Amino acid sequence: GARAAHRRDGAAVSKFLRWLSIEAPKGGLDEIKAADRLADFRRGNEMFRDFSFDSISAAGPNGAICHYKVTPESNRPIPVDSLFLIDSGGQYLDGTTDITRTIAVGKVSAEMKDRFTRVLKGHIALATTRFPKGTTGSALDAIARRPLWEIGLDYDHGTGHGVGSYLSVHEGPQRISKMPNRVALEVGMIISNEPGYYKDGEYGIRIENLVTVIPDHEQPDWLCFETLTLAPIDLEAIDRSLLTPVEVAWLNAYHARVRETLTPMVDKETAKWLQDVTRPI
């Protein structure tokens, strides 16, 4: 059920990201307009019932507020040559989704690309981690932070929270964070993988997919993660020189899966756009 819900949600998010790639560079788009348009794409699915939380639609400095909620008073235009962060999710009859994408609108600075790539490196590191049964999320948290820690940076929230099925989008007892947690990760648990970086007063970055714990078939009594969320990660915000061959291979494989899974589920224009934004790097 969760896999099916994420496929449908990924199609809706991809349609939105294509729309954003066209409209945002023109100027005149703001946080509320963007959130409303994404909501429209999700409502187009017959299995959709509601949003799993109020979307965090954050432009420029608002992106640096981890749990920002747009209001008519706080609503900001999405400027060209900036980062835009959108954290959102849906409640479907067969599953709950939660996804964050950070988008480069126009050209962004070398610093922004560096921070975005380090967040991506942490995301990939956690997504590819293998761990013995009995491991808690607390033991995995630093894996996602290391690329930022290497240059003296960090983020002030947990790396992952448990997610229910047509239930709460923040549902324990599992979590991945600095806070001690005695609950071991078990097969079938769904949890988020969402490292980030926030520069106060300037911009915010977060890359979030949901993952589920599965058996590691190469080694008995070990576990690993299967990524459930399917939507493009913005290639225009990446500093390719910072990625290792293993990280490039993961990103290319993930994007191939996104492309192959979602292309039959979207319109021709979005399918063509997907071919470009999931190209190998």
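Residues numbered from 1 in each chain as written. Predicted model: local features only at pLDDT ≥ 70, side-chain atom pairs only at ≥ 80, totals over all residues. Heavy atoms only, no water.

The strand order E7-E14-E13-E10 describes an open sheet built from four strands, whose pairing is antiparallel. Of all strands in the sheet, those with a lone pairing partner are strand E7 (131–132) and strand E10 (190–193), marking the two edges. With five bridges connecting them, strand E13 (residues 209–215) and strand E14 (residues 222–227) associate as antiparallel partners. The partner of Val211 across the bridge, within E14, is Thr227. (Pairing = 2+ DSSP bridges. Helix = DSSP H or I, 4+ residues; strand = E, 2+ residues; numbered from the N terminus.)

Turning our eyes to something else, we now look at the nonpolar core. Counting residues in each nonpolar core, the largest one holds 68 residues, and the members touching the most others are Phe16, Leu20, Phe84, Leu120, Leu185, Phe225 and Ile233. For Phe16, the residues in contact, after removing those within four places along its chain, are Ala34, Arg37, Leu38, Phe41, Phe84 and Ile86. (Core = buried A, V, L, I, M, F, W, Y, C linked by side-chain atoms within 4.5 Å. Buried < 20%, exposed > 50% of the residue type's maximum accessible area, 1.4 Å probe, protein only. Contact = heavy atoms within 4.5 Å.)

A complete count under the given rule lists 23 salt bridges for this structure. Across the pair Lys178 and Asp154 runs a salt bridge whose closest N-O atoms are separated by 2.6 Å. Residue Lys178 is located in the loop between strand E9 (175–176) and E10, and its partner Asp154 is located in the loop between helix H4 (141–149) and strand E8 (160–161); the two are separated by 24 residues in the primary sequence. In the salt-bridge network here, residues are joined through shared partners; they are Asp114, Arg115, Arg118, Arg146 and Glu150. (Salt bridge = Lys/Arg side-chain N within 4 Å of Asp/Glu carboxyl O.)

The tally for this structure, following the rule as stated, stands at six aromatic pairs. Considering the side-chain rings of Phe48 and Tyr92, the 5.7 Å spacing of their centres and the 70° angle between planes classify their relative orientation as edge-to-face. Note that Phe48 is positioned in strand E1 (residues 48–51) and Tyr92 in strand E4 (residues 90–92), a separation of 44 residues in sequence. There is no split in this pair, since Phe48 and Tyr92 are both buried. Three or more aromatic residues joined by ring pairs make a cluster, and in this case those are Phe48, Phe51 and Tyr92. One residue, Arg115, lies across the ring of Tyr197, its end atom 5.8 Å from the ring centre. The ring of Tyr155 carries the charged tip of Arg145 above its face, separated from the ring centre by 3.9 Å. (Phe/Tyr/Trp six-rings, centres within 6.5 Å; stacked < 30°, edge-to-face > 60°. Lys NZ or Arg CZ within 6 Å of the ring centre and 35° of its normal.)

What follows deals with the sheet that holds E1. Pairing within the open sheet is antiparallel, and its three strands lie in the order E1-E4-E5. The sheet terminates laterally at E1 and strand E5 (95–96), the two strands that pair on one side only. With three bridges connecting them, E1 and E4 associate as antiparallel partners. What sits directly across from Phe48, in E4, is Tyr92. Here helix H1 (residues 2–23) sits on the sheet in contact with E4 and E5, set at roughly 135° to E4. Strand contacts of helix H2 (residues 31–43): E1 and E4, with the helix running at about 155° to E1, the strand carrying the most contacts. (Axes fitted to C-alpha atoms, helices over the stretch in contact; angles between N-to-C directions.)

Here the focus is the pairing of strand E3 (residues 82–88). Summarising burial for E3: seven of the seven residues are buried, a large majority. On E3, burial covers both faces: Ser82, Phe84, Ile86 and Ser88 on one face and Leu83, Leu85 and Asp87 on the other are all buried. Bridge analysis of E3 against strand E6 (residues 99–105) gives seven bridges, and the strand direction is antiparallel. Paired with Asp87 across the bridge in E6 is Thr100.

Inspection of every chain in the model, using the stated rule, returns one cavity of 30 Å³ or more. Of the voids in this model, the largest cavity is the one considered here, and its volume is about 40 Å³. Contributing to the lining of the largest cavity are Val13, Phe16, Leu17, Leu38, Ile86, Ser88, Ile99, Thr100 and Arg101. The set of elements that each furnish at least two residues to the lining of the largest cavity consists of H1, E3 and E6. Each residue belonging to the lining of the largest cavity can be placed in one class, and the counts come to six nonpolar, two polar and one charged. (1 Å grid on protein atoms, 1.4 Å probe; cavity = no way out; pocket = protein on both sides within 12 Å on 5 of 7 lines; lining within 4 Å. Points joined across faces, edges and corners; volume = space filled by probe spheres on them. Nonpolar A, V, L, I, M, F, W, Y, C, P; charged D, E, K, R; others polar.)

Attention shifts here to the side chain of Thr129. Along the polypeptide, Thr129 turns up in the loop between helix H3 (110–127) and E7. Judged by its relative accessible area of 12%, Thr129 falls in the buried class. Here Ala125 takes part through its backbone oxygen, which lies 2.7 Å from a polar atom of the side chain of Thr129. (Polar contact = N/O pair within 3.5 Å; in protein donor to acceptor, adjacent residues only side chain to side chain.)

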